[in-house]
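Report on the structure
Spelled out, the chains give:
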Amino acid sequence: MSGEHDQLMQFIYTLRARGVTDTRTLRAMERVDRALFVRPTFADRAYEDVPLPIGAGQTISQPSVVGIMTQALDVGERDKVLEVGTGSGYQAAILSHLARRVYTVDRHRGLVADARAVFDALGITNITAFTADGSYGLPEQAPFDRIIVTAAAEDAPSPLLAQLKVGGIMVLPVGQSDHVQSLIRVIRLENGFDYEELHPVRFVPLVAGLA
Ligand code: SAH
């Protein structure tokens, strides 16, 4: 019991030390057990601040990067959020505690199915997960208050920019997949976009088409 408590305290301490200071983000991250989103063989490493392998050659992101992206997204409780790159579902589960509704898409059908099963087991009802090529966004549900992309593109995909509300925020890694990429925040203005560079990161690439 106290071992688990100490592990969670250490996890939150590490997140803070690495720049995740927003209280709502930390509280949401406290509520989501990362061990449920990794393979059983890695469950004992779930609270380390490292990316870990999931299915289909993909990875669950490093918790501090999840935290930095979540806090940069500045999600409000009325917000409709799109995530491109469901992966394990960990990031979506955190967002589900901050937003009204989360749509998440991945090009790997198996990952979407596994993530859905974890959402169901946790009783999370405000996430809708689809198998789709997220570079085109989700036109049927657009526009979005917030968009987060958890795979790296060379640039912000224009369909995603087009599906962002005025005043909306998009957070994504950009750059070549085999290099260090930049995490950027894009804010949609009345007439254009404001870009801000946040943090160096390394993500798997955004790949065209279904797997
Ligand atoms: N957010 C995830 C980690 C994502 S890893 C988590 O919390 O675990 C990146 C994911 O992006 C992979 O699962 C990969 O399949 C997906 N991906 C890559 N290109 C994509 C595309 N064009 N559309 C949708 N998903 C894509």
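Since the model is a prediction, treat every value here as computed from it, not as a measurement.

Conventions and cut-offs
- Residues numbered from 1 in each chain as written.
- Predicted model: local features only at pLDDT ≥ 70, side-chain atom pairs only at ≥ 80, totals over all residues.
- Heavy atoms only, no water.
- Core = buried A, V, L, I, M, F, W, Y, C linked by side-chain atoms within 4.5 Å.
- Buried < 20%, exposed > 50% of the residue type's maximum accessible area, 1.4 Å probe, protein only.
- Helix = DSSP H or I, 4+ residues; strand = E, 2+ residues; numbered from the N terminus.
- Contact = heavy atoms within 4.5 Å.
- UniProt positions renumbered as here; feature names shortened; annotations may be inferred.
- Expected span 1.5 Å × (residues − 1).
- Near = heavy atom within 4 Å.
- Polar contact = N/O pair within 3.5 Å; in protein donor to acceptor, adjacent residues only side chain to side chain.
- Areas by Shrake-Rupley, 256 points an atom, 1.4 Å probe, with all protein chains shown as cover.
- Pairing = 2+ DSSP bridges.
- Axes fitted to C-alpha atoms, helices over the stretch in contact; angles between N-to-C directions.

**Overview of the nonpolar core**
F37, L73, Y90 and F119 are the most contacted members of the largest nonpolar core, which totals 46 residues. Listing elements by their share of this core, those giving two or more residues are α1 (2-17), α2 (23-31), α3 (63-73), α4 (90-96), α5 (109-121), β5 (127-131) and β7 (164-174). Here the element with the most residues in this core is α3; it accounts for six residues. With residues up to four places along the chain from it excluded, the contact list for F37 reads V32, I54, I60, S88, G89, Y90, A93, V118, F119 and L122. Among the nonpolar cores identified, the runner-up in size contains 18 residues, and Y103, A132, V149 and L164 belong to it.

**Looking at the UniProt feature "active site" (unreviewed entry) in the protein chain**
In the numbering used here, UniProt assigns the feature "active site" (unreviewed entry) to S61. Relative to the elements of secondary structure, S61 occurs in the loop between β2 (59-60) and α3. Note on S61: relative accessible area 18%, which makes it buried.

**Considering α5**
Over its 13 residues, α5 runs 19 Å from end to end, which matches the ideal 18 Å to within 8%, given 1.5 Å per residue. Those residues of α5 that are buried lie in contact with α4, β4 (101-106) and β5. Just past α5, the residue G123 takes up positive phi, approximately 70 degrees.

**What to know about the site of the ligand**
The local shell around the ligand holds 27 residues, among which S88, D106, D133, G134 and V207 are the closest. Between a nitrogen atom of the ligand and a side-chain N or O atom of E83, the distance comes to 3.0 Å. A distance of 2.6 Å separates an oxygen atom of the ligand from a polar side-chain atom of D106. Here the ligand has 580 Å² of accessible area as a free molecule, and 99% of this is covered by the chains. When residues of the shell around the ligand are traced back to their parent elements, those giving at least two are β2, α4 and β4.

**Here's the deal with unusual backbone geometry**
That bond from A142 to P143 is cis: its omega, 0 degrees, falls within 30 degrees of zero. As for its position among the elements, P143 is in the loop between β5 and β6 (144-149). One non-glycine residue with positive phi stands out, namely A56, at about 55 degrees. By the element assignment, A56 lies in the loop between β1 (52-53) and β2.

**Digging into the sheet that holds β5**
Taken in spatial order, the seven strands line up as β5-β4-β3-β6-β7-β8-β9 in an open sheet, and their pairing is mixed. Where the open sheet ends on each side, the last strands, each with one partner, are β5 and β9 (192-201). Put simply, the sheet's adjacent strands are angled 15 degrees from each other on average, direction ignored. Across four bridges, the pairing between β6 and β7 is parallel. Along β7, the bridge assignment pairs I147 with M170. α3 contacts β3 (80-84), β6, β7, β8 (181-189) and β9 of the sheet and is inclined by roughly 160 degrees relative to β7. Across the sheet, α5 touches β4 and β5, and the angle it forms with β5 is around 165 degrees.

**Re the side chain of T104**
Mapped onto the fold, T104 is located in strand β4. Judged by relative accessible area, T104 falls into the buried class, the value being 0%. A polar contact of 2.7 Å, which involves the side chain of T104, links it to the side chain of E83. Within the structure, the side chain of T104 is placed 2.8 Å from the side chain of T86, a separation counted as a polar contact. With near-sequence residues (within four places) excluded, T104 lies in contact with E83, T86, A92, F119, I127, T128, A129 and F130.

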